[in-house]
Every structure is written in C-alpha cells, then in structure tokens.
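# A closer look at the structure
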Amino acid sequence: MGNLYQYFRAPDDATALVTFAPGPAGIGLEPLDVSGMDPYLMLGAAEALLVGRLFEDVAAQPRFNHLLSDPDADSTWVVTLTDQLRDALAEASTERLAEVAVIWSRAEELDGSGDPDSLAGFLEQLARIAREAREQRNGLYCWMSL
C-alpha cells in the first residue's frame, strides 16, 4: 500500500498538530491525499526547482519538514512545509508548474521516470491549497502515515 501523505493548510502549528490522531479531515480540514509523495525528498526537490535554489539550501530552512508530532510515534507524523514553498506555489502559473513538473520528472528521487502530467496535476492541486493558505495567512503541512 505504501506511505500515505495528506497535504493541508492550517492557521498555525497547534492546529496542525491536532490532526495527529484523526488526520486533517478528522478535524474538518480539507487534505490533498497522495501516496508516495513524501514532503522531504519528493516535495523538497520540487521546491528547489520552483524557487531556483539547491536542495541543500531549501532543506536548511527552519520550517522545512519540521516535525511537530512526537518523534517517537510509530507510524504517524505531522510536519511543516516552508512559507517559501507556499508562496512559490501560490504565485506559479499553470505553465510554470508544468515546466517544473517536466524537470522534476527526471529527478533522481523519481528514478528519472516520473510522469510529468501526473506531477503537474499534483502541483496544481497543491498550488490551490497554497493560494488559500496565503490568502488566509495559513501555513502548509503534511500529515504522514505508514
């Protein structure tokens, strides 16, 4: 089945952490459900492409995959995503997201064989959430479950 990831927006870290047990939908937040699209390697690579920075620079940001939940939890975690990613997604045009998806599809994290159309679709959906998050002054988060 693989790892499950739910990307969502929340007003603050405390609210995002409340999703730990029930998941985002369990507290009335609208998540983007995906499998295999982890926030560290996969989304980190996309963020680097979107903002034109090295992955190492993106990963060095304090809110990059900052763990909110208990680090000793066995199979569920909640992490933050950067405001830089939120803003880059919110500002990106459909064309820009498609361009990034083509380059991203060749990335090592995808074994060089990702589907650009699927990746562009994922980025478009996440960009919709990012626009809402920016409008509402929310952050972006990821709820993960093994």
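None of the values given here were measured: they were computed from a predicted structure. (Residues numbered from 1 in each chain as written. Predicted model: local features only at pLDDT ≥ 70, side-chain atom pairs only at ≥ 80, totals over all residues. Heavy atoms only, no water.)

## Quick word on the overall build of the chain
- When you go through the chain residue by residue, the secondary structure sums to six helices and four strands.
- Its helices and strands in sequence order give the chain the pattern β-α-β-α-α-β-α-α-α-β, from N to C terminus.
- Taking 2.2 N^0.38 as the reference for a compact globule, 146 residues should give roughly 15 Å; the C-alpha atoms of the chain span a radius of gyration of 14 Å, in line with that estimate.
- In terms of overall dimensions, the chain has a C-alpha envelope of 35 × 35 × 25 Å along the principal axes.
- In the chain, which comprises 146 residues, the share counted as buried stands at 46%.
- Across the chain, contacts joining residues at least 24 apart in sequence account for 67% of those joining residues at least 6 apart.
- Accessible surface, the chain: about 7,300 Å² in total, of which carbon and sulfur atoms supply 50%. (Helix = DSSP H or I, 4+ residues; strand = E, 2+ residues; numbered from the N terminus. Rg over C-alpha atoms; globule rule 2.2 N^0.38 Å. Buried < 20%, exposed > 50% of the residue type's maximum accessible area, 1.4 Å probe, protein only. Contact = heavy atoms within 4.5 Å. Areas by Shrake-Rupley, 256 points an atom, 1.4 Å probe, with all protein chains shown as cover.)

## Considering the sheet that holds strand E4 (residues 139-145)
- With respect to topology, four strands assemble into an open sheet ordered E2-E1-E4-E3, the strand pairing being antiparallel. The open sheet terminates on both sides in strands that have one partner only, identified here as strand E2 (32-35) and strand E3 (76-80). Geometrically, the sheet is characterised by an average inter-axis angle of 25° between neighbouring strands, direction not taken into account.
- Two elements, E3 and E4, share five bridges in a ladder whose sense is antiparallel. In the sheet register, Val-79 faces E4, and the bridge partner there is Cys-142. (Pairing = 2+ DSSP bridges. Axes fitted to C-alpha atoms, helices over the stretch in contact; angles between N-to-C directions.)

## Points about helix H5 (residues 94-104)
- For H5, the complete set of buried residues consists of Leu-97, Val-100, Ala-101 and Trp-104. One side of H5 holds all its buried residues, which, seen down the axis, span an arc of 105°.
- Each element contacted by the buried residues of H5 is listed here: helix H2 (41-51), helix H4 (83-91) and helix H6 (116-135). (Arc of directions from axis to C-beta.)

## As for unusual backbone geometry
- At Asn-65, a position not held by glycine, the phi torsion is positive, near 55°.
- Along the chain, the position of Asn-65 falls in the loop between helix H3 (55-59) and E3.
- For Asn-65, a relative accessible area of 17% translates into the label buried.
- For Arg-137, which is not a glycine, the phi torsion comes out positive at approximately 60°.
- In this structure, Arg-137 sits in the loop between H6 and E4.
- By relative accessible area, Arg-137 is classed as exposed at 74%.

## Quick notes on the pairing of E4
- E4 sits mainly inside the fold: seven of its seven residues count as buried.
- Side chains Gly-139, Tyr-141, Trp-143 and Ser-145 of E4 all project onto a buried face; the interleaved residues Leu-140, Cys-142 and Met-144 project onto the opposite face, where all are buried too.
- Where strand E1 (residues 4-10) lies against E4, seven bridges are found, and the strand directions are antiparallel. Paired with Gln-6 across the strands is Trp-143, a residue of E4.

## With respect to the side chain of Thr-82
- Here Thr-82 is to be found in the loop between E3 and H4.
- The class of Thr-82 is buried, set by a relative accessible area of 2%.
- Separated by 2.9 Å, the side chain of Thr-82 and the backbone nitrogen of Leu-85 make a polar contact.
- Leave out the neighbours within four places in its chain, and Thr-82 touches Glu-47, Gln-61, Arg-63 and Phe-64. (Polar contact = N/O pair within 3.5 Å; in protein donor to acceptor, adjacent residues only side chain to side chain.)

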